[in-house]
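Working through the structure, step by step
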Amino acid sequence: MAGQAGLEEVVAAQTKLSDIDGKLGRLSYVGYDIHDLATHSTFEEVVFLLHHLRLPRADELEALSEELAEERTLSEFLADLMPTLAQQTSPMSMLRTTISAASAYDPDGWDQSPGANLRKAMRLVAKTPTLIATYHRHRTDQDPVQPNPKLPHAANFLAMLLGEEPDQDTARALDITLVLYADHTLNASTFTARVIASTLSDMHSAITGAIAALKGPLHGGANEEAMKMLEEIGNVDRAEEYVKDRLGRKQKIMGFGHRVYKTEDPRATHLRRLSRELGERHGDMRWYEISERVEKVVMEEKGLYPNVDFYAASVYHSMGIPTDLMTPIFALARMAGWTAHVREQYADNRLIRPESEYIGPLDQQYVPIEERAESESEAAS
Ligand code: COA
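Residues numbered from 1 in each chain as written. Predicted model: local features only at pLDDT ≥ 70, side-chain atom pairs only at ≥ 80, totals over all residues. Heavy atoms only, no water.

**Concerning helix α3 (residues 58-70)**
With 13 residues, α3 ought to run about 18 Å at 1.5 Å a step, and its terminal C-alpha atoms sit 18 Å apart, in line with that. All buried positions along α3 are accounted for by Glu60, Leu64, Leu68 and Ala69. Elements in contact with the buried residues of α3: α2 (43-52) and α6 (114-139). (Helix = DSSP H or I, 4+ residues; strand = E, 2+ residues; numbered from the N terminus. Expected span 1.5 Å × (residues − 1). Buried < 20%, exposed > 50% of the residue type's maximum accessible area, 1.4 Å probe, protein only. Contact = heavy atoms within 4.5 Å.)

**Description of helix α15 (residues 308-318)**
Judged by how many residues are buried, α15 sits mostly within the fold: nine of eleven residues are covered. Here α15 has its buried residues at Val308, Asp309, Phe310, Tyr311, Ala312, Ala313, Ser314, Val315 and Tyr316. Between the side-chain oxygen of the N-cap and the backbone nitrogen of Asp309 there are 2.9 Å, and the N-cap of α15 in question is Asn307. In the stretch just after α15, Gly320 is the one whose phi turns positive, near 85 degrees. (Polar contact = N/O pair within 3.5 Å; in protein donor to acceptor, adjacent residues only side chain to side chain.)

**Overview of the pairing of strand β2 (residues 26-29)**
Bridge count between strand β1 (residues 18-21) and β2: four bridges; the pairing is antiparallel. Across the sheet, the residue bridging to Asp21 is Arg26, located in β2. Where β1 hands over to β2, the hairpin turn is made up of four residues, of which Gly25 adopts a positive phi near 70 degrees. As judged from the two bridges shared by β2 and strand β3 (residues 32-33), these two strands associate in the antiparallel manner. The residue bridging Tyr29 from the neighbouring strand is Tyr32, located in β3. Following β2, the chain reverses through two residues before pairing antiparallel with β3; Val30 in that reversal takes a positive phi of roughly 50 degrees. (Pairing = 2+ DSSP bridges.)

**As for the packing of α6 against helix α10 (residues 203-214)**
Angle between the axes and distance between the axes are the two parameters that describe a pair of packed helices. With their axes 10 Å apart at the nearest point, α6 and α10 run at an angle of 40 degrees to one another. Looking at the two axes, α6 sits oblique to α10. The chirality of how α6 crosses α10 is right-handed. Here Asn117, Lys120, Ala121 and Leu124 of α6 come into contact with α10, specifically with Met203, His204 and Ile207. By residue class, the composition of the contact of α6 with α10 is four nonpolar, two polar and one charged. (Axes fitted to C-alpha atoms, helices over the stretch in contact; angles between N-to-C directions. Parallel < 35°, antiparallel > 145°, perpendicular 65-115°, else oblique. Left-handed = near helix turned anticlockwise from the far one by under 90°. Nonpolar A, V, L, I, M, F, W, Y, C, P; charged D, E, K, R; others polar.)

Structure representation (structure tokens):
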């Protein structure tokens, strides 16, 4: 049977972690609606939920928050790598390289037991913000800021990145975006992680592969591309012409469309609100207004809804986050989901090994190299 292009609608894994109803525009983690989680929960609580399949009690949440805070510091090896990586690589390449390198210094080494994998997962979740912030401080010739164990995950990240503690509203806004980005069924990077885990390769290898998949502009890279587009537009009055021109040239508008959602991505609802609120708070509505106009024109012209990445761009920009760190922040949040999926795969594993449909030539006769005519090799290539 012919394969479905892009594996569309193919069910390739069972999971208890998250679920999407693309027609109704619903997303849930472990049965909890994303709207409830975005309104009431925190990133730390969602980390617990995804890894333990239930909400924590107060003492359990405190213990997990402490564990994450304790694990934020980088090993000397990673800290030493950073100045060179800050000069030589893009942020996502840095993250891919350092997460891979972190395996060498993980205290649990090559232990693949469930307990060791849970600890490795928490270390990866805890250290990713420090990696991104340390990289950024080096490349901007500023001293790295040490993690503050008293601050929650989101607030600590902004403090390490920007060198000052964020106000409560900004920290909460970032926290909500992390909740929204934390998991999303079998997206390309999570699928990559599960394929690698299914060979019984280690946690760090699976996450390194996931980061590589997230890097592409059709997946995580879309929020950065969306921000570049908003900057190119520059002014709300130019939005309509820009979008129409781009669509006329058959170019995609980044941050729109989705393989699964056929209506509004429920995450976009919260990000649109946050974009407006942050704009109002900072007295700069430009990015929200351009975004809103782009959304209207794309809907009129193509009937497409914004996905999670579109309004995330203006939200992160309003917080002072550089555009090329937007995909790494997606990774920072998705680390919760990736690591939970890897553990779920290990817990009930079967090698993921689909089939391909052969569409090449049949029954070819091998011709010795000295007898191959130039025209034949050209025709074949
Ligand atoms: N801008 C303009 N047209 C778009 C579009 C976009 N962002 N997304 C989809 N389309 C159009 C395609 O051109 C295609 O039209 P056609 O049938 O006339 O050729 C149709 O919608 C189907 O698109 P396709 O790329 O085949 O859908 P998909 O399910 O394979 O891809 C995405 C889904 C997300 C990869 C796709 O919508 C996209 O590239 N979006 C932009 C990147 C992005 O925001 N990614 C983040 C996803 S969370």
